[in-house]
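So you can see what is in the structure, the chains are spelled out below.
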Amino acid sequence: IVGNNAYHVVTGSGTDNTAVLNGFVITAGQANGSSPYNRGGGMYNNLGSPTLRNVTFSGNSASRYGGGMDNAGSSNPTLKDVTFSGNSADHGGGGMHNYSSNPTLTNVTFSGNSANYGGGMFNGGSSPTLTNVTFSRNSTSNTGGGMYNANSSSPALRNVVMWGDIASNGRELYNASSTPFIAHSDIRDCIFIEWEPACGTNGGGNIHDDPRFEDADGADNTPGTADDNLRLQLTSPCIDAGNNAVVPSKVTTDLDGNPRFVDIPSVRDIGSGTPPIVDMGAYEARLKAVYLPLVLKSH
């Protein structure tokens, strides 16, 4: 960010789901004015529920809430195949802030976002639905590295991976008078010997194992940059471990645009549904092609 950039790169206030934003990179928003221009550096929605597909929020900031996106006043946007990386907010929700709003997220990643509370996402009286979403290397100077939930927020997390986020308290998830519903997800610190009630309601199918990302902070060792690789190694416990039934019927591909349901024969199916079982997280693991040398012989 250089100079006095726009407070909001995009606004979706007053829209419904027929307003579609598809195939854009949203960057360099600088929401550093007075309210509401201190929130939603990348996108600001007030009473707006647009549809976003194939969008990247990167390098946006806000002096208050929602460096990447701010949803307020019963805004319920639908996000599919969206990336939040390297966004920041001085107070809450480096990637996304929701206030009395219930967005729906499918095939979404939060990586390298930062804030004082809720490095990836901050919810105040909101109940977003997250399906096949990955959080990694988001950070806070306080609580809730991946997600901070306050004021009776009750997000639903299904087929979600939260691993490697950074905070002094609640590295992945912090709840203040809030109770998320969590099922078929891999969230660090939510299971030790048994389920930790402070994480929320255990919907079953949850695990507590290193997801074995390909390279969470990329070749440059800096989270939130373009080379971050949150795809799953073929040894990941998240493979074939999700719940097929919660994937929206129209979702047939992952964040890469590859088939959403792929069976890895070497992995035991521990998820729910008829094989192939969906993976946890935004990316579906794929068998790597093996190329054999071509030998030509003369006779």
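Use the structure listed above.
This structure is a prediction, so every number in the text was calculated from the model and none was measured.

1. Here we look at the state of the cysteines
- Evaluated as defined, the whole model comprises one disulfide.
- The residue that forms a disulfide with Cys190 is Cys199, at a sulfur-sulfur distance of 2.1 Å. An S-S torsion of about -100° defines the bridge between Cys190 and Cys199 as left-handed. Here the two residues Cys190 and Cys199 agree in accessibility, since each one is buried.

2. Points about the sheet that holds strand β12 (residues 114-117)
- If you walk across this open sheet you meet the five strands as β3-β6-β9-β12-β15, and the pairing is parallel. A single partner strand is all that each edge strand has here, and the edge strands are β3 (30-31) and β15 (139-143).

3. Overview of the side chain of Thr134
- Here Thr134 lies in strand β14 (residues 129-136).
- A distance of 3.0 Å separates a polar side-chain atom of Thr134 from the backbone nitrogen of Ala282.

4. Notes on the side chain of Asp279
- Relative to the helices and strands, Asp279 resides in the segment after β24 (229-232).
- Despite its burial, Asp279 remains without a salt bridge, the nearest opposite charge being carried by Arg260 at 5.4 Å.
- Within the structure, Asp279 has its side chain in polar contact with the backbone nitrogen of Ala285 (distance 2.7 Å).
- Here Asp279 is in contact with Asn132, Asn159, Leu232, Cys238, Ile239, Asp240, Ala241, Gly242, Arg260, Glu284 and Ala285, once residues within four sequence places are set aside.

5. Digging into the environment of Val55
- Along the chain, the position of Val55 falls in strand β5 (residues 51-58).
- Judged by relative accessible area, Val55 falls into the buried class, the value being 1%.
- The sequence separation of Val55 and Thr131 amounts to 76 residues, and the corresponding C-alpha distance is 17 Å.
- Once residues within four sequence positions are removed from consideration, Val55 is found in contact with Leu21, Gly23, Phe24, Ile26, Asp81, Val82 and Thr83.

6. Remarks on the sheet that holds strand β7 (residues 69-72)
- One open sheet accounts for seven strands, arranged β1-β4-β7-β10-β13-β16-β19; its pairing is parallel. Each edge of the sheet is formed by a strand with only one pairing partner; in this case those strands are β1 (10-11) and β19 (173-176).
- Strand direction decides the pairing type here: β7 and strand β10 (residues 96-99), joined by four bridges, are parallel. Considered in β10, the bridge of Asn71 is made with Asn98.

7. Description of unusual backbone geometry
- Ser35 connects to Pro36 through a cis peptide bond whose omega is 5°.
- The amide bond that connects Pro275 to the next residue, Pro276, takes the cis arrangement and shows omega of 5°.
- Looking at the secondary structure, you find Pro276 in the segment after β24.
- For Ser74, which is not glycine, the phi dihedral falls at a positive 60°.
- One non-glycine residue, Asn159, lies in positive phi territory at about 60°.
- Along the chain, Asn159 turns up in the loop between β17 (156-158) and β18 (161-162).

8. A short note on the pattern of salt bridges
- All chains considered together, the criterion is met by six salt bridges.
- The residue Lys80 makes a salt bridge to Asp81 at a minimum N-O spacing of 2.7 Å.
- With relative accessibility at 21%, the residue Lys80 sits in the partly exposed group.
- Residue classification places Asp81 among the buried positions, given a relative accessible area of 9%.

The rules behind the values
Residues numbered from 1 in each chain as written. Predicted model: local features only at pLDDT ≥ 70, side-chain atom pairs only at ≥ 80, totals over all residues. Heavy atoms only, no water. Disulfide = S-S within 2.5 Å. Buried < 20%, exposed > 50% of the residue type's maximum accessible area, 1.4 Å probe, protein only. Pairing = 2+ DSSP bridges. Helix = DSSP H or I, 4+ residues; strand = E, 2+ residues; numbered from the N terminus. Polar contact = N/O pair within 3.5 Å; in protein donor to acceptor, adjacent residues only side chain to side chain. Lys, Arg positive; Asp, Glu negative; His and termini not counted. Salt bridge = Lys/Arg side-chain N within 4 Å of Asp/Glu carboxyl O. Contact = heavy atoms within 4.5 Å.

Without other data, these values stay purely geometric and don't point to any function.
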